[in-house]
Amino acid sequence: MAGETILIIDDDEDIRSILQLYLSKEGYSVTVSGFGNTAIKLVDLHRPNLIILDVLLPDMDGYEVCRLLRQNTSAPILFLSSKEDDFDKILAHRIGGDDYITKPFSPALLVAKVQAHLRRNKNISHQVYKLDEWTEDSVLVFPGLTIDKNSCVVKVNKKAIPLSAKEYQLLCLLAENPNRVFTVEQMFERVWGEESLGDYRTVMVHISNLRKKIEPHPTEPIYVLTLRGMGYKFNGFFDD
C-alpha cells in the first residue's frame, strides 16, 4: 500500500535501480543499500514494512543479516538469490525469511509478492480488537501459554516470546481451533494464501521454529502436535 517503506539490500546497482523504479511506481517509499552492515542501521532508522535481501553481499552473508535483523524487526523478509538448491531455500525460511525468489526474476512478480506479504501483515493488524470490543475470546489461555489477540503478544510462562508474522498466524490458526486437524496444504493456503506457489515444506519449517519458541521440549511438543500422514493440531486437552 502507498506510503509503506521497503528496504532493498543488494550489491547489484542495476537490480536496486529497477526494483526501486517498480516499487516507487506503486507508491512505496524505497530505501536501498548495497551492504549488510549499512542495511542493519537503516532498519533501526527507517523501520521498513518489508525487506528485500540478497543472499550474497560484499561485506557479510545475507543469512547472517537476516538473523541480526530478526532481533529487531518482524517485517517480512524476501530473499533474492541465484542459488536454487532446496537447502538454501529451507535455510532462508528457517532463519526467519518469509519468501525466497531466485534470479533472474520478473520485477512485476516480485512487486506482486511484496503486495501480498504487506497485505497479509496488514490483515494481522486488523484482527486486533479495539479496547471497547474486548471479549474473553480476545485472549486464548492454555496451561503455560497465553495468546493475547488484542496486542498480538504470545507469552510462555508469563514471558513474552517474539514470533514472526507467519509463526503468529500459524499459532493462532491452530489455537483458535483446538483439536482440529489441519493438513499442511490447508495451513499453507490459510496463512500464505494467494502468494503461495505450492512449496508446502515452508509450513514444516515454520512449525519447527514455532515449537522451538513455545514448547518446553521442542522434540516432544505438548501444544502443536503432529499427526503423521494427516497434518497438525493444537492440543486442547491437558491433564490436571
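Definitions and cut-offs
Residues numbered from 1 in each chain as written. Predicted model: local features only at pLDDT ≥ 70, side-chain atom pairs only at ≥ 80, totals over all residues. Heavy atoms only, no water. UniProt positions renumbered as here; feature names shortened; annotations may be inferred. Axes fitted to C-alpha atoms, helices over the stretch in contact; angles between N-to-C directions. Helix = DSSP H or I, 4+ residues; strand = E, 2+ residues; numbered from the N terminus. Parallel < 35°, antiparallel > 145°, perpendicular 65-115°, else oblique. Contact = heavy atoms within 4.5 Å. Pairing = 2+ DSSP bridges. Buried < 20%, exposed > 50% of the residue type's maximum accessible area, 1.4 Å probe, protein only. Arc of directions from axis to C-beta. Phe/Tyr/Trp six-rings, centres within 6.5 Å; stacked < 30°, edge-to-face > 60°. Salt bridge = Lys/Arg side-chain N within 4 Å of Asp/Glu carboxyl O.

Named according to an unreviewed UniProt entry, the chain is Response regulator transcription factor originating from Metabacillus elymi. UniProt, in the comment section headed Subcellular location (unreviewed entry), describes the chain in these words: "Cytoplasm".

Colleague: In this structure, what is going on with the packing of helix 6 (residues 165–175) against helix 8 (residues 201–214)? I would like to understand it.
Modeller: The relative placement of two packed helices is expressed as an angle between their axes plus a distance between the axes. The N-to-C vectors of helix 6 and helix 8 enclose an angle of 85°; their axes lie 10 Å apart at closest approach. Taken together, the axes of helix 6 and helix 8 lie roughly perpendicular to each other. Each of Lys166, Glu167, Leu170, Leu171 and Leu174 in helix 6 lies in contact with helix 8, whose residues at this interface are His206, Ile207, Asn209, Leu210, Lys213 and Ile214.

Colleague: Hey, could you run me through the sheet that holds strand 1 (residues 5–9) in this one?
Modeller: The strand order across the open sheet formed by 5 strands is 2-1-3-4-5, and the pairing between neighbours is parallel. Edge positions in the sheet fall to strand 2 (29–33) and strand 5 (99–102), since each of these pairs with one other strand and no more. Here the average twist between neighbouring strands, direction ignored, is 20°. Bridge count for strand 1 against strand 3 (residues 50–54) is 4 bridges, and the pairing is parallel.

Colleague: Could you clarify how one ought to interpret helix 7 (residues 184–191) in this entry?
Modeller: Two residues of an α-helix separated by three or four positions point the same way, owing to the 3.6 residues in each turn. Along helix 7, the residues classified as buried are Val184, Met187, Phe188 and Val191. The arc that holds the buried residues of helix 7, viewed along the axis, is 100°, so those residues lie on one side. Phi turns positive one or two residues past the end of helix 7, at Gly193, with a value near 55°.

Colleague: Could you clarify how one ought to interpret the environment of Ile15 in this entry?
Modeller: With respect to the helices and strands, Ile15 occurs in helix 1 (residues 13–25). For the pair formed by Ile15 and Pro107, sequence separation is 92 residues and the distance between their alpha carbons is 9.2 Å. Not counting chain neighbours up to four residues away, the residues in contact with Ile15 comprise Asp10, Leu80, Lys103 and Phe105.

Colleague: Which parts of the structure should I look at to understand the packing of aromatic side chains?
Modeller: The relative placement of two aromatic rings is captured by the distance of their centres and the angle of their planes. With the rule as written, the count across this model stands at 3 aromatic pairs. Three or more aromatic residues joined by ring pairs make a cluster, and in this case those are Phe142, Tyr223 and Phe234.

Colleague: Hey, could you run me through the pairing of strand 5 in this one?
Modeller: Along any regular strand the residues' side chains alternate between the sheet's two faces. With 4 bridges connecting them, strand 4 (residues 77–81) and strand 5 associate as parallel partners. Directly across from Leu78, in strand 5, lies its bridge partner Asp99.

Colleague: Just to check I follow, could you spell out the pattern of salt bridges for this structure?
Modeller: Scanning all chains against the criterion turns up 9 salt bridges. The closest approach of N and O atoms between Lys103 and Asp10, which form a salt bridge, is 3.3 Å. Pair noted here: Lys103 is in the loop between strand 5 and helix 5 (107–126) and Asp10 is in the loop between strand 1 and helix 1, with a separation of 93 residues, a long-range link. A residue is classified by how much of its surface remains accessible, and Asp10, at 0% relative accessible area, is buried. Between Asp86 and Arg201 there is a salt bridge; the shortest N-O distance is 2.9 Å. Of the two residues, Asp86 is situated in helix 4 (residues 86–94) and Arg201 in helix 8; the sequence distance between them amounts to 115 residues.

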